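Coordinate inspection notes
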Amino acid sequence: MAVAETQLYAKVSNKHKSKSTSVLLESLLAKGFPAHIAQKALAATGQKTIEDATKWLHSHCNDPSLDDPIPQEYALYLCPTGRLHNHLQEFWKESKRQCGKNRAHEIFPHITLCDFFTCEDQKVELLYDTLKRVGDSFSQCFPPSISLSLHSSTSYLGFFIGDSHANILRDFALAFSSEASALADCHVKPCLKQLHLTLAHKFYPHHQKTLEQLAKCINPGEACQWVAALYSRDMRFVHYQTLRALFQYKPQNIDELMINTGDFIYVDPTQQSDVSEGWVIGTSHRTGCRGFLPENYTERANESDTWVKHREYVFVTASKFFTQTENEPKVKLNGEVHNPSMARSVTNVLSLQNPTLRRGVLVMRHGERVDEVFGKSWLQQCLTADGKYYRPDLNFPSTLPKRKDSVKHFEYDPPLSCCGIFQSRLIGEALLDQQVTVNYVYSSPVLRCIQTAQHILQGLKLDQKVKIRVEPGLFEWTKWEASRVIPNFMTLTELAEASYKIDTSYRGNFPLSSLVPSESYEEYVSRSSVVIKQIITACPSKGKGVILIVGHGSSLASFTRPLIGLPARDSSDFAQVVRKIPSLGMCFCEELKEENKWQMVNPPVKTLTHGANAAFNWRNGIVED
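Quick caveat, the model's predicted, so the values are computed rather than measured. Residue positions within a chain follow its written sequence, with the count starting from 1. It should be noted that, the model being predicted, local features are given only for residues of pLDDT at least 70 and side-chain atom pairs only at 80 or more, the latter also being counted only at that level, while totals for whole chains, interfaces and linings use all residues. With hydrogens and water set aside, each side-chain value is computed from the structure's full complement of heavy atoms.

Here's the deal with the environment of C289
Heads up, the condition is: To qualify as a helix, a DSSP run of H or I must reach at least 4 residues; to qualify as a strand, a run of E must reach at least 2; elements of each kind are numbered from the N terminus.
Along the chain, the position of C289 falls in the loop between β9 (279-284) and β10 (290-294). Through-space distance from the C-alpha of C289 to that of H60 is 7.8 Å; in sequence the pair is 229 residues apart.

Here we look at the pairing of β9
Our working rule: Relative accessibility thresholds used throughout: buried, under 20% of the residue-type maximum; exposed, over 50%; partly exposed, between the two (1.4 Å probe, protein chains only). Paired strands, as defined in this entry, are two strands with at least two bridges between them according to DSSP.
A large share of β9 lies buried, amounting to five of its six residues. In terms of strand pairing, strand β8 (residues 264-267) meets β9 through three bridges, oriented antiparallel. Along β9, the bridge assignment pairs V267 with G282. In the sheet, β9 pairs with β10 via five bridges, with the strands oriented antiparallel.

Here's the deal with the pairing of strand β12 (residues 308-315)
Taken across its eight residues, β12 has seven buried, putting it largely inside the fold. With six bridges joining them, strand β6 (residues 225-234) and β12 adopt antiparallel strand pairing. Following the sheet pairing, S232 is matched in β12 by V308.

As for the packing of aromatic side chains
Rules: Classification of ring pairs uses Phe, Tyr and Trp, with its six-membered ring standing for Trp, and accepts pairs whose centres are within 6.5 Å; under 30 degrees between planes counts as stacked, over 60 as edge-to-face, and the remaining range as tilted. Note on criteria: charge over ring means Lys NZ or Arg CZ within 6 Å of the ring centre, with the direction from the centre no more than 35 degrees off the ring normal.
For the structure shown, the criterion picks out 30 aromatic pairs. Centroid distance F142 to F315: 3.9 Å. Interplanar angle 5°. Geometry classified as stacked. One end of the pair, F142, is in the loop between α6 (124-138) and β3 (148-152); the other, F315, is in strand β12, and 173 residues separate them in sequence. What makes F142 buried here is its relative accessible area of 10%. On the basis of relative accessible area, F315 is assigned to the buried category, the value being 7%. Sitting over the ring of Y128, R311 keeps its end group 4.3 Å from the ring centre. Looking at R403, its charged tip hangs above the ring of F410, at a distance of 5.1 Å from the centre.

Some words on the sheet that holds β8
How we decide: With axes taken as lines fitted to C-alpha atoms, and helix axes fitted only over the stretch in contact, angles between N-to-C directions fall between 0 and 180 degrees.
Taken in spatial order, the five strands make up an open sheet running β10-β9-β8-β7-β11, and their pairing is antiparallel. Two strands in the sheet have a free side with no partner beyond their single neighbour: β10 and β11 (298-300). Recorded for the sheet is a direction-independent mean angle of 45° between the axes of neighbouring strands.

Observations concerning the packing of helix α12 (residues 418-433) against helix α13 (residues 447-460)
What counts is decided by this rule: Angle categories are assigned with fixed cut-offs, so that under 35 degrees is roughly parallel, over 145 is roughly antiparallel, 65 to 115 is roughly perpendicular, and the rest are oblique. Crossing handedness: left-handed means the near helix sits turned counterclockwise from the far one by under a right angle, and right-handed means the same turn made clockwise. Residue contacts follow a heavy-atom distance rule, with two residues in contact if any of their heavy atoms lie within 4.5 Å. Put simply, Ala, Val, Leu, Ile, Met, Phe, Trp, Tyr, Cys and Pro go in the nonpolar bin, Asp, Glu, Lys and Arg in the charged bin, and everything else, Gly too, in the polar bin.
The N-to-C vectors of α12 and α13 enclose an angle of 40°; their axes lie 7 Å apart at closest approach. On the basis of their axis angle, the class for α12 and α13 is oblique. Along this stretch, α12 crosses α13, giving a crossing that reads as right-handed. The segment α12 lies against α13, with I421, S424, R425, I427, G428, E429, L431 and L432 engaging T452, H455, I456, Q458, G459 and L460. Looking at the contact of α12 with α13 residue by residue, the class counts come to six nonpolar, six polar and two charged.

Quick word on the sheet that holds strand β14 (residues 359-365)
Hydrogen bonds between backbone atoms are what pair the strands of a sheet, whose relative direction is either parallel or antiparallel. Read across the open sheet, the six strands follow the order β16-β15-β17-β14-β18-β19; overall the sheet is mixed. A strand with exactly one partner marks an edge of an open sheet, and here the two such strands are β16 (468-470) and β19 (597-601). Recorded for the sheet is a direction-independent mean angle of 25° between the axes of neighbouring strands. The pairing of strand β18 (residues 586-592) with β19 spans five bridges and is classified as antiparallel.

Quick word on a nonpolar patch on the surface
The condition is simple: Any residue with relative accessible area above 30% and no salt bridge may belong to a patch, with like charges joined within 9 Å and the nonpolar Val, Leu, Ile, Met, Phe, Trp and Tyr side chains within 5 Å. The protein chains shown are the only cover counted for residues, whose accessible areas, like all others here, come from Shrake-Rupley with a 1.4 Å probe. Basic side-chain nitrogens of Lys or Arg form a salt bridge, by our definition, when they fall within 4 Å of a carboxyl oxygen of Asp or Glu.
Taken together, F616, W618 and I622 make up a surface patch of nonpolar side chains, about 410 Å² in accessible area. Mapped onto the secondary structure, I622 falls in the segment after β19.

Quick word on the confidence of the model for the protein chain
Where we set the bar: Think of pLDDT as the predictor's per-residue confidence, scored from 0 to 100.
Per-residue confidence for the protein chain gives a mean pLDDT of 86; residues scoring 70 or more make up 89%. Taken element by element, the protein chain is modelled with least confidence in helix α1 (residues 3-13), mean pLDDT 37, and with most confidence in α13, mean pLDDT 97. Every residue in residues 1-21 scores below 50 in pLDDT, and together they form 24 contacts with partners more than four places removed in sequence or on other chains. Within the model, the stretch residues 317-356 combines pLDDT values under 50 with 76 contacts to residues more than four positions away or in other chains.

Overview of unusual backbone geometry
Unlike most non-glycine residues, K202 shows phi in positive territory, near 55°. You can see K202 is positioned in the loop between β5 (196-201) and α8 (208-215).

A short note on the nonpolar core
The condition is simple: To qualify as a nonpolar core, a set must consist of buried Ala, Val, Leu, Ile, Met, Phe, Trp, Tyr and Cys residues joined through side-chain atoms within 4.5 Å.
One finds L78, F91, L127, F172, F176, L199 and W226 to be the most contacted residues of the largest nonpolar core, which totals 51 residues. Once residues lying within four places of it in the same chain are set aside, the contact partners of L127 are Y74, F117, C119, F176, A180, A184, C186 and L230. L431, F489, Y500 and L548 belong to the second-largest nonpolar core, a separate cluster that totals 43 residues.

Here we look at the packing of helix α5 (residues 83-99) against α8
Where α5 contacts α8, the axes come no closer than 10 Å and their chain directions differ by 155°. Here α5 is positioned roughly antiparallel relative to α8, judged by the angle of their axes. Remark: the crossing between α5 and α8 carries right-handed chirality. Two secondary-structure elements touch here, α5 through F91, E94, S95, Q98 and C99 and α8 through T210, L211, L214 and A215. Broken down by class, the residue content of the contact of α5 with α8 amounts to five nonpolar, three polar and one charged.

Listed below in structure tokens is the structure:
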């Protein structure tokens, strides 16, 4: 970098800068990085080490926004440490397990002192100086413990700060905001309203009682050291979803995104409607590059997982000191901190039974269907000129079951692929390994669901003991049916003659003739709610055991939500959720008989993930140019 450029940059952008340039910035400038990009790297990594900043710069070498003058956003939080923090983390884990994720789970336990504000990269060090000076001035009057009282409503649960202590915290926030605004030339707004530490936010009202019981296990008077911490985030992705990569993915095409295990990806939900099924388009937090990636290689992460802690001021009663994060022991934010006493008290409060003694409902999507791999014209690919079936690819089924009407009806009622059969049997074997007892099996009338149920039973070694009940009411939302009419399904007699273990004596709760083409979303939701309740009633409780329901992607939401007391999703949200559900995706609900309700918990087996395997012609590239 030219000397003149460095001097000009310093004159224009840093009128409040200290007399000597920071050692970190000098090191990056010596390596030849432009000043504005070096400042950006330091701000993005918390100005910790030269190694962190250099690694960030190399990772972002192809970042199209590298030269853009977009600052980070900063916030000042007061965070608990010690035993109180451990109890709060145990609450985070247990509330998520029992009631599902709510808005509070996106961020670690904290009290907001100053909400997010922007600060130019070259002025961030002034925020650090301000935090230390203001911390020093308040260290003598900072309370040794903070008064916390539990407050609950239908959508919020948390601790309110007592008035006398809240006044001290407000004064601290006001002092920081005033000095930071003046020195760093940024607009910092202190939180002057009711100060609080949120435990749960935007949850379903029927979860309020459970959350309150869990919260009462937290002793707000536990030993705690409070830390005022300065965090930053990338302001461009505030309203995006954050995904975490579970596996490495190497791009097959130029518009795809390279991801490593553990990478974070920012995804804008409003930009996914035109993306192919099973894919998302997002921006890598590690590299800044944008592209397509397979959605089943990722999981939802928390909003704060990509935040950077810059500096913190620890308030102690005997002495005061200022620490930089690289000298602090690593604390896992939003992680799981095991606390045996907390876990025991939670269990005692809710009087939980052994889960293996409860009745459960396992709702599952069918395995991979043949048209999902070979397209809508799959049937034309496997029929000879005289209408006989043959196998053009090993992933086509070895045979098609016999049916009395035309083989062309398979076009709208396709079978499983060979991989779909393997997937289903693998799930059955996994259920057997986990000693899951399946007492009843219900299936949608489509062939792929019946085949999935059959091969799961084979994997469970129950195919000679448990028969499949074909329930027309489990069919998917008919509006999504490509033929615009209800397909001609194989009859129970045809299925039995094809060696499927069908309960031919079973009469469905919802007759096949009652299915309406292009039904409204409200009609589908109503049908699903009625059918799941009728199935539960028809299966006597035997103390333990599972009702297996094999349906469609739409089944996971439409049959479990009414069971656990949740309202139906909005139709547009419903479509977005369903398109993300892979083959053999599943949800599991267990009965809390003593409370006369059901709750959703983790399924008894792990997910099944695998990559694509494209068709291969040995001539191309091997023999022919």
